[in-house]
Amino acid sequence: MRLRWFLGLLCCLAGVAHATPGQAPPHKAYLSLIIDDLGQNLPRDRRVLALPGPVTAAIMPDTPHATEFAREAHRAGKIVILHMPMDPATGPFAWHPELPIEELRKRLDAAFKAVPYTAGINNHMGSRMTAQQPAMAWLMAELQRRHKLFVDSRTSAQTVAAAEAQKIGLASVSRDVFLDDERNEAAIYNQLQSAISLARKQGSAVMIGHPYPQTLAVLERELPKLKTQGIDWINIRQMISVRSNRAMAAHGKDGTYRQ
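Just so it is clear, the structure is predicted and the values come from calculations on it, not from any experiment.

### Here we look at the overall build of the protein chain
Consideration 1: For the protein chain, the count of helices and strands is nine helices and 11 strands.
Consideration 2: The buried share of the protein chain, reckoned over its 259 residues, is 52%.
Consideration 3: Counting contacts in the protein chain only where the partners sit at least 6 residues apart, residues at least 24 apart contribute 70% of the total.
Consideration 4: As presented, the protein chain carries roughly 12,500 Å² of accessible surface, and 54% of it is formed by carbon and sulfur atoms.

Structure, rendered in structure tokens:
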């Protein structure tokens, strides 16, 4: 009897060993990192592949090294996604609101061909395009058909992309923090800390950055420290599973994306 009581006491103590009085025990904090605009400069982009964890490589289809770098990233074990140009982006692959669905399909097909091994897509720019409900509904159904995931870069508060993905149960997630709107190391470091704080508050955060020298310098220095800070760096597929397609508070209400 005394032994059972003693073992029960040990279990109770173990359960609260790391909890602050009056607070719930700490929960997991997850981060995912996507680096956009890849495919333009191989030596620079290879620094992204050397980052010590599951970085997602978002490769632009209209770059000189898109296909070659997609193969390198795949061989390195990184998740590759298509960084799809959308209005106001320009170029032969870019989506614009006035284009018919057949032209959107043609450009999407060509972009996937230029960037092999893709698990899905995220939007490059797209502040006008991601607000177009019919086109976004078509895109999400098309990605579902192709067994691809979607990451809403949220370049506009008017985006309906994630909401359309959620409607049909497409594997998707939305960006929380842009790391490098300001291209200096102090600002990028502060954005990384904001992402870490957000992950601790809401359980997870999705970061998007670019292969700028300043961004890579901060990431090379700070990412190895995440584990000791109690942060789990997970890949984008795992993040979709963690979030179960639910919207975070900044993106919607009660897990449903705003439209």
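Here the narrative resumes.
### So, the nonpolar core
Consideration 1: In terms of nonpolar packing, the biggest core is built from 58 residues, with Leu31, Leu33, Ile59, Trp95, Met136, Leu139 and Met140 touching the most fellow members.
Consideration 2: The element contributing the most residues to this core is helix H5 (residues 133–146), with six residues.
Consideration 3: Apart from the residues within four sequence positions on either side, Leu31 is in contact with Ala195, Ile196, Ala199, Ala205, Met207, Leu226, Ile231, Asp232, Trp233, Ile234 and Met239.

### A few points about the pairing of strand E3 (residues 79–86)
Consideration 1: Taking burial as the measure, the eight residues of E3 include eight buried ones, the bulk of the element.
Consideration 2: In this region the chain leaves strand E2 (residues 56–59), passes through helix H3 (residues 66–75) and returns to the parallel neighbour E3; the handedness of that crossover is right-handed.
Consideration 3: Two elements, E3 and strand E4 (residues 118–125), share seven bridges in a ladder whose sense is parallel. What sits directly across from Met84, in E4, is Asn123.

### Digging into unusual backbone geometry
Consideration 1: Backbone torsion omega between Asp87 and Pro88 reads 20 degrees, so that peptide bond is classified as cis.
Consideration 2: With respect to the secondary-structure elements, Pro88 resides in the loop between E3 and helix H4 (101–114).
Consideration 3: The phi torsion at Tyr117 lies on the positive side, around 65 degrees, for a residue other than glycine.
Consideration 4: In this structure, Ser244 is a non-glycine residue whose phi angle is positive, near 50 degrees.
Consideration 5: Mapped onto the secondary structure, Ser244 falls in the loop between helix H9 (236–243) and strand E10 (252–253).

### Section: the pattern of salt bridges
Consideration 1: On inspection of all chains with the given rule, the structure shows 17 salt bridges.
Consideration 2: Between Glu103 and Arg107 there is a salt bridge; the shortest N-O distance is 2.7 Å. Here Glu103 pairs with Arg107, and both are found in helix H4, just four residues apart, close to one helical turn.
Consideration 3: Overall, Glu103 belongs to the partly exposed group, its relative accessible area being 22%.

### Let's talk about the confidence of the model for the protein chain
Consideration 1: When pLDDT is averaged along the protein chain, the result is 91, and 90% of the positions lie at 70 or above.
Consideration 2: Predicted confidence is poor over residues 1–26, with pLDDT under 50, and the contacts of this stretch with residues over four places away or in other chains come to four contacts.

### What to know about helix H6 (residues 161–168)
Each α-helix turn comprises 3.6 residues. Residues three or four places apart therefore point the same way.
Consideration 1: Buried within H6 are the following residues: Ala161, Ala162, Ala163, Glu164 and Ala165.
Consideration 2: Residues of H6 that are buried sit in contact with H5, strand E5 (149–152), strand E6 (172–174) and strand E11 (256–257).
Consideration 3: Once H6 ends, the next one or two residues include Gly169, with phi positive near 75 degrees.

### Remarks on the packing of H5 against H6
Consideration 1: At a closest axis distance of 9 Å, the pairing of H5 and H6 adopts a crossing angle of 45 degrees. When the axis of H5 is compared with that of H6, the two are oblique. Like other packed secondary-structure pairs, H5 and H6 cross with a definite hand, here right-handed. Here Gln133, Met136, Ala137, Met140, Ala141 and Gln144 of H5 lie close against H6, whose contacting residues are Ala161, Glu164, Ala165, Lys167 and Ile168.
Consideration 2: Residue classes in the contact of H5 with H6 are distributed as seven nonpolar, two polar and two charged.

### What to know about the environment of Ile240
Consideration 1: Of note, Ile240 is situated in helix H9.
Consideration 2: The class for Ile240 is buried, based on a relative accessible area of 8%.
Consideration 3: Residues Ile240 and Phe150, 90 residues apart in the sequence, show an inter-C-alpha distance of 9.6 Å.
Consideration 4: The residues touching Ile240, leaving out its near neighbours within four places in the chain, are Leu149, Ala171, Ser172, Val173 and Asn245.

About the cut-offs
- Residues numbered from 1 in each chain as written.
- Predicted model: local features only at pLDDT ≥ 70, side-chain atom pairs only at ≥ 80, totals over all residues.
- Heavy atoms only, no water.
- Helix = DSSP H or I, 4+ residues; strand = E, 2+ residues; numbered from the N terminus.
- Buried < 20%, exposed > 50% of the residue type's maximum accessible area, 1.4 Å probe, protein only.
- Contact = heavy atoms within 4.5 Å.
- Areas by Shrake-Rupley, 256 points an atom, 1.4 Å probe, with all protein chains shown as cover.
- Core = buried A, V, L, I, M, F, W, Y, C linked by side-chain atoms within 4.5 Å.
- Right-handed = clockwise from strand over helix to strand, strands pointing away.
- Pairing = 2+ DSSP bridges.
- Salt bridge = Lys/Arg side-chain N within 4 Å of Asp/Glu carboxyl O.
- pLDDT = per-residue confidence, 0-100.
- Axes fitted to C-alpha atoms, helices over the stretch in contact; angles between N-to-C directions.
- Parallel < 35°, antiparallel > 145°, perpendicular 65-115°, else oblique.
- Left-handed = near helix turned anticlockwise from the far one by under 90°.
- Nonpolar A, V, L, I, M, F, W, Y, C, P; charged D, E, K, R; others polar.

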